[in-house]
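Residue strings, one per chain:
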Amino acid sequence: MMDTSTFGIPLFDEAHAALAEQIQALMDGPDAEFEANLAALIDCLETDFRVEEELMEAIDYPALRSHREQHARVLATLHALTPGDLQAGRRVASLILPWFQLHLATADTALAIALQVAGRAANPAPPGLHQPPAAAASPAPAA
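Quick caveat: nothing in here was measured; it's all calculated off a predicted structure.

Novice: What is the right way to read the overall build of the chain from this model?
Specialist: Scanning the chain for helices and strands turns up four helices and zero strands. Along the chain, helices (α) and strands (β) appear in the sequence α-α-α-α when read from the amino end. A sequence separation of at least 24 residues applies to 73% of the contacts in the chain between residues at least 6 apart. Within the structure as shown, the chain displays about 7500 Å² of accessible surface, and the carbon and sulfur contribution to it stands at 58%.

Structure follows, in structure tokens:
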């Protein structure tokens, strides 16, 4: 399991732990499960990114555009993978881990601080925010 920083913001900490598990399942899973694990990771990333972006909008976060662009680049790369091309898929998957660690250490840390300053750390979800159910954020069990 990869090391993930915690922010003391349950919404962030839980989402990032689930993403770390999804990335690990993708990297460690057998070829036969790669496509399913990739789809689960993409779903998890889309949910996490949507929640982060809604939080940034709620506090009028000044780095919203650059943070959103980072999310979009990762998702575009994952969506552009050719189904069945395991070599390319695994190569891209191997790059997600270091990207995720850097993103946590920089962009997400800055966002966590901004949420704390804005008084949103204890209850960061604005009214109407689409929060991911815990079961949707869990990786598929290994066969």
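Novice: What exactly am I supposed to notice about the packing of aromatic side chains here?
Specialist: Each aromatic ring pair is described using two quantities: the centre-to-centre distance and the angle formed by the ring planes. Applying the stated criterion across every chain, the model contains one aromatic pair. Between F49 and W99, the aromatic rings sit 6.2 Å apart at their centres with planes inclined by 75°, giving edge-to-face as the arrangement. Here F49, found in helix α2 (residues 34-58), pairs with W99, found in helix α4 (residues 86-117); they are 50 residues apart in sequence, far enough to count as distant. Classification of F49 as buried rests on a relative accessible area of 3%.

Novice: I'm lost on the pattern of salt bridges in this one. Help?
Specialist: Pairing of side chains with opposite charge becomes possible as their charged atoms draw close. Across all of its chains, the model carries five salt bridges by this definition. Two residues, E57 and R68, come together in a salt bridge whose shortest N-O distance is 2.4 Å. Note that E57 is positioned in helix α2 and R68 in helix α3 (residues 64-79), a separation of 11 residues in sequence. Residue E57 is classed as partly exposed on the basis of its relative accessible area, which comes to 46%. On the accessibility criterion, R68 (31% relative accessible area) is partly exposed.

Novice: Would you mind going over α4 with me for this structure?
Specialist: Residues lying three or four places apart along an α-helix face the same way, a consequence of the helix completing one turn every 3.6 residues. Look at α4: 44 Å from first C-alpha to last across 32 residues, which is about the 46 Å you get at 1.5 Å a residue. Along α4, the helix axis deviates most sharply at L104, where the bend reaches about 40°. Remark: G119 follows α4 within two positions and exhibits a positive phi of approximately 75°.

Novice: How do you make sense of the packing of α2 against α3 when you look at a structure like this?
Specialist: In a pair of packed helices, the angle between the axes and the distance between the axes together describe the arrangement. One way to put it is that α2 packs onto α3 with a least axis distance of 11 Å and a crossing angle of 165°. Accordingly, the angle class assigned to the pair α2 and α3 is roughly antiparallel. Here α2 and α3 pass one another in a crossing that is left-handed. Judged by residue contacts, L38, I42, L45, E46, F49, E52, E53, M56 and E57 of α2 engage L64, H67, R68, H71, V74, L75, L78 and H79 from α3. Its residues assigned to classes, the contact of α2 with α3 shows nine nonpolar, three polar and five charged.

Novice: Help me understand the environment of A93 in this model?
Specialist: Inspection of the secondary structure assignment puts A93 in helix α4. Sequence-wise, A93 and L26 are 67 residues apart; in three dimensions their C-alpha atoms are separated by 7.2 Å.

Novice: Before we go on, may I ask you to explain the nonpolar core in this structure?
Specialist: Most often, soluble globular proteins have nonpolar side chains that are buried together. With 23 residues, the main nonpolar core has L38, L41, L45 and L78 as its most contacted residues. Contributions of two or more residues to this core are made by α1 (10-28), α2, α3 and α4. Those residues in contact with L78 that sit more than four places away from it in its chain are L38, I42, L45, V92 and I96.

Novice: I would appreciate a short explanation of the confidence of the model for the chain in the present structure.
Specialist: It should be kept in mind that the predicted coordinates are not to be read in detail where pLDDT is low. Per-residue confidence for the chain averages 81 on the pLDDT scale, and 76% of its residues sit at or above 70. Taken element by element, the predicted model of the chain shows its lowest mean pLDDT in α1 (81) and its highest in α3 (97). With pLDDT under 50 throughout, residues 126-143 is counted as low confidence; its partners more than four residues away or in other chains account for 25 contacts.

How each quantity is defined
- Residues numbered from 1 in each chain as written.
- Predicted model: local features only at pLDDT ≥ 70, side-chain atom pairs only at ≥ 80, totals over all residues.
- Heavy atoms only, no water.
- Helix = DSSP H or I, 4+ residues; strand = E, 2+ residues; numbered from the N terminus.
- Contact = heavy atoms within 4.5 Å.
- Areas by Shrake-Rupley, 256 points an atom, 1.4 Å probe, with all protein chains shown as cover.
- Phe/Tyr/Trp six-rings, centres within 6.5 Å; stacked < 30°, edge-to-face > 60°.
- Buried < 20%, exposed > 50% of the residue type's maximum accessible area, 1.4 Å probe, protein only.
- Salt bridge = Lys/Arg side-chain N within 4 Å of Asp/Glu carboxyl O.
- Expected span 1.5 Å × (residues − 1).
- Bend = angle between axes of the 7 residues up to and from the residue.
- Axes fitted to C-alpha atoms, helices over the stretch in contact; angles between N-to-C directions.
- Parallel < 35°, antiparallel > 145°, perpendicular 65-115°, else oblique.
- Left-handed = near helix turned anticlockwise from the far one by under 90°.
- Nonpolar A, V, L, I, M, F, W, Y, C, P; charged D, E, K, R; others polar.
- Core = buried A, V, L, I, M, F, W, Y, C linked by side-chain atoms within 4.5 Å.
- pLDDT = per-residue confidence, 0-100.

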